[in-house]
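Chain residues, written in single-letter form:
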Amino acid sequence: MAHVSDLIATDIEQYLKQHETKSLLRFITCGSVDDGKSTLIGRLLYESKMIFEDQLAAVEADSKKWGTQGEAIDFALLVDGLAAEREQGITIDVAYRFFSTDKRKFIVADTPGHEQYTRNMVTGASTADAAVVMIDARKGVLTQTRRHSYLVSLIGIRHVIVAINKMDLVGYAERTFRKIVDDYHEFAAKIGLENITFIPMSAFKGDNVTAPSDQMPWYHGTTLMGFLETVEIDEERMQRAPFRMPVQWVNRPNLDFRGFAGTIAGGAIAVGDRIRVQPSGKESTVARIVTRDGDLERAVVGQSITLTLADEIDISRGDLISKAAAPASSADQFETTIIWMHDEPLLAGRPYLLKIGTRTVSATITDIKYQVNVNTLEHVAAKKLELNAIGVCNISLDRQVGFDPYDDNRDTGGFILIDRMSNGTVGAGLIHFALRRAHNIHMQHVDVDKAARAALNHQKPCVLWFTGLSGAGKSTIANLVEKRLYALGRRTYLLDGDNVRHGLNKDLGFTDADRVENIRRVAEVAKLMVDAGMIVLTAFISPFRAERQMARGLVEEGEFFEIFVDTPLAVAEERDVKGLYKKARRGDLKNFTGIDSPYEQPENPELRLDTVTFDPEKAADAVIEALRQHGIIEA
């Protein structure tokens, strides 16, 4: 099995050419703490001669310092690179390693076993073709085994090897092996795992890793390496799938050439094939398949190509090209599974950016249907998803996108969620299906539009969004501003936080999730009022930047004015007209902004009102003057 070729010394170019044409298998190892994942990978690296002499010498030295195998080499140290991993004897981060044999190249991801590192495991599994689930023969199927198997099933890994390790510590007993096989089969049936191969082994001693073990004559199956060298990789399966290519770039170097570049995510395409573009639904025929090395008659999954079409149709980055005979679907509302990967929880109603393929759109979680307890598979009611939580959620986008269910195509059915403020990835998701209402509900065209209504009102519609701590003076200032606008003959409406909670939002409390939903509803109402041609004022604490950004995004540029009523907490608490701060300090009022719930100050508001130096009258005058400067009302 050891991959050492004479061509390295005699014909390096021929060796590299052979190496280039080998298939590449990506797989992960996962399991409970100290099941031997890192030891197994270290053994594979050692047996494949992928370790330099100085590396081996360093590991031998480290084995004496950190090792857990006495005088023998601790192969786990070849993978556990972090100091914290070596000190604790566990895997924390995902460790990727490359090795090869005469038949195939491999990239293995050693994923962590602890529950708090679930996001790390999901990251490692997202591109894997196979998974090696490690089980300690002494312990059998554990809670962590079930959790990792569920995640493997969720991510869509189709080939699972259950490596029953440390058989040497149970005397290579067949009875122990059979008991674990039966227990695992019973659980696997509940989560839909089908292609399972069980291998008894000892990663430390090498039994059934690369060669059959003399210690287990009762086992007649494959070795681990034998399986890995022959199992079908996902790319081979996807060659039989329908053609899919997300457009990454519109290539127009001159007036005579217009092509659409991308990497094929499924199936194959040939010159002359009829294609359809999603979400527009427009069709054309493939004229050329262009690559750096020249034109092709046919291209398959995994190839990066540029398509030119027989017709001039509008295609942009993020569109999805498929064959007309087997097109992708398009929708803007889905049922999904979301794996949450951020310290700040996911909240229904909060806006995020969603990236699917090469397209990025705005998205809102409309409903958290339930959270999955990955240890018991129980469905649990939830209003938010904390770090490492997995939930089934409905999600709504601001426009339609082309997609496939994740089970059919990972590339066109998987997505990531991005925080709008930090641009950091906060979650990963899998599309189940489009919600029926996504196909049945459409925007109705109306002849009297916002511009017509604004002209009738003789004004430019906009939102004046007053934000600040409780007691800052938002409602007082907003009320004075509306009176001035009314006196000028402007059509206005004031949405006040307390008033709205007596009707539209009477069902909401003051948790973070309810606050997000409170602002989402108000923002949607404000959008409708702007569409009606009105100047709408809102007076809400609205403590989170993300929700204020969401409200801004609902209206056109220049129609949203964020007005920060800036009052220090000490001053607001001293005023305490309603006595709320006293209640919060006593602990009678939970989740009170400024006390035990955060307020995120605006970073770039259109107007900042310092209520320490401005009285309400002067503050209102400042708002009116700002509206004149922006052309909302005449000077």
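Residues numbered from 1 in each chain as written. Predicted model: local features only at pLDDT ≥ 70, side-chain atom pairs only at ≥ 80, totals over all residues. Heavy atoms only, no water.

A.B. asks: I'm lost on empty space enclosed by the protein in this one. Help?
C.D. replies: Unoccupied space between atoms shows up once a probe the size of one water molecule is rolled over them. Per the stated rule, a full pass over the model turns up four cavities of 30 Å³ or more. Roughly 70 Å³ of volume is contained in the largest cavity. When contributions to the lining of the largest cavity are tallied by element, the ones reaching two or more residues are strand S23 (390-403) and helix H11 (410-413). (1 Å grid on protein atoms, 1.4 Å probe; cavity = no way out; pocket = protein on both sides within 12 Å on 5 of 7 lines; lining within 4 Å. Points joined across faces, edges and corners; volume = space filled by probe spheres on them. Helix = DSSP H or I, 4+ residues; strand = E, 2+ residues; numbered from the N terminus.)

A.B. asks: Could you clarify how one ought to interpret the packing of helix H16 (residues 512-531) against helix H17 (residues 545-553) in this entry?
C.D. replies: Running from amino to carboxyl end, H16 crosses H17 at an angle of 15°, the nearest separation of the two axes being 9 Å. Between H16 and H17, the angle falls in the class roughly parallel. In the packing of H16 onto H17, the handedness of the crossing is right-handed. From H16, Val516, Ile519, Arg520 and Ala523 reach across to H17, where they touch Glu547, Met550 and Ala551. The residue inventory of the contact of H16 with H17, partitioned by class, reads five nonpolar, no polar and two charged. (Axes fitted to C-alpha atoms, helices over the stretch in contact; angles between N-to-C directions. Parallel < 35°, antiparallel > 145°, perpendicular 65-115°, else oblique. Left-handed = near helix turned anticlockwise from the far one by under 90°. Contact = heavy atoms within 4.5 Å. Nonpolar A, V, L, I, M, F, W, Y, C, P; charged D, E, K, R; others polar.)

A.B. asks: What should I look at first to understand the pattern of salt bridges in this one?
C.D. replies: Close approach of charged atoms allows side chains of opposite charge to pair. A full pass over the atoms with the stated rule returns 34 salt bridges. Note that lysine 578 and aspartate 498 form a salt bridge whose closest N and O atoms lie 2.5 Å from each other. Taken together, the residues lysine 578 in the loop between helix H18 (569-575) and helix H19 (580-586) and aspartate 498 in helix H15 (residues 497-500) connect sequence positions 80 residues apart. Relative accessible area serves as the criterion here: at 54%, lysine 578 is assigned to the exposed category. For the salt bridge of arginine 545 with glutamate 603, the shortest nitrogen-to-oxygen distance reads 3.9 Å. You can see arginine 545 sitting in helix H17 and its partner glutamate 603 sitting in the loop between H19 and strand S30 (607-610), a full 58 residues away along the chain. We classify arginine 545 as partly exposed; its relative accessible area is 27%. Through salt bridges with shared partners, a single ionic network connects Asp507, Glu517, Arg520 and Arg521. (Salt bridge = Lys/Arg side-chain N within 4 Å of Asp/Glu carboxyl O. Buried < 20%, exposed > 50% of the residue type's maximum accessible area, 1.4 Å probe, protein only.)

A.B. asks: Is there a simple way to think about the sheet that holds strand S5 (residues 159-165) in this case?
C.D. replies: Backbone hydrogen bonds hold the strands of a sheet together, and the pairing may be parallel or antiparallel. A sheet is described by the order of its strands in space; here six strands give the open sequence S2-S3-S1-S4-S5-S6, paired in mixed fashion. Edge positions in the sheet fall to strand S2 (95-100) and strand S6 (196-200), since each of these pairs with one other strand and no more. This sheet shows a mean twist of 25° between the axes of neighbouring strands, independent of strand direction. On top of the sheet, helix H6 (residues 118-125) reaches strand S1 (24-31), S2 and strand S3 (105-110); it is set at about 160° to S1, its chief contact. Together, strand S4 (130-136), S5 and S6 form the strand contacts of helix H8 (residues 174-191), whose direction differs from that of S6 by roughly 160°. (Pairing = 2+ DSSP bridges.)

A.B. asks: Explain the sheet that holds strand S27 (residues 492-496) here, please?
C.D. replies: Taken in spatial order, the five strands make up an open sheet running S27-S28-S26-S29-S30, and their pairing is parallel. Lying at the two open borders of the sheet, with one neighbouring strand each, are S27 and S30. Taken pair by pair, the neighbouring strands of this sheet meet at an average axis angle of 15°, ignoring direction. Of the strand pairs in this sheet, strand S26 (residues 462-467) and strand S29 (residues 560-566) are connected by five bridges, and their pairing is parallel.

A.B. asks: It is not clear to me how the nonpolar core should be interpreted in this structure. Could you clarify?
C.D. replies: Among soluble globular proteins, nonpolar side chains are generally buried collectively. Grouped together as the largest cluster of nonpolar side chains are 69 residues, with contacts concentrated most on Phe27, Ile28, Ile164, Tyr184 and Leu228. Residue contributions to this core peak at seven residues, all from H8. Residues Cys462, Ala478, Ile624 and Leu627 belong to the second largest nonpolar core, which totals 26 residues. (Core = buried A, V, L, I, M, F, W, Y, C linked by side-chain atoms within 4.5 Å.)

A.B. asks: Sorry if this is basic, but what is going on with the layout of surface pockets here?
C.D. replies: In this structure, the second largest pocket occupies an estimated 1,200 Å³ of space. Every residue lining the second largest pocket is counted, 41 residues in all, and those nearest its centre are Ser126, Thr127, Asn409, Arg410 and Asp411. Sorting the residues of the lining of the second largest pocket by element identifies S1, H6, helix H10 (234-238), strand S9 (257-263), strand S19 (351-356), H11, strand S24 (414-418) and strand S25 (425-434) as the ones contributing at least two each. Broken down by element, the residue count for the lining of the second largest pocket peaks at five residues, all from S25. Grouping the amino acids of the lining of the second largest pocket by side-chain chemistry returns 18 nonpolar, 15 polar and eight charged.

A.B. asks: How should I be thinking about the pairing of S23 in this particular structure?
C.D. replies: Note on strand geometry: in a regular strand, side chains alternate between the two faces of the sheet. Burial analysis of S23 places 10 of its 14 residues in the buried class, the great majority of the element. In terms of strand pairing, strand S17 (residues 329-340) meets S23 through 10 bridges, oriented antiparallel. Counted as the bridge partner of glutamate 335 is asparagine 394 from S23. Two strands pair when backbone bridges link them, and strand S20 (residues 359-372) and S23 are joined in this way by eight bridges, in the antiparallel orientation. Looking at the pairing, valine 372 lines up with isoleucine 390 of S23.

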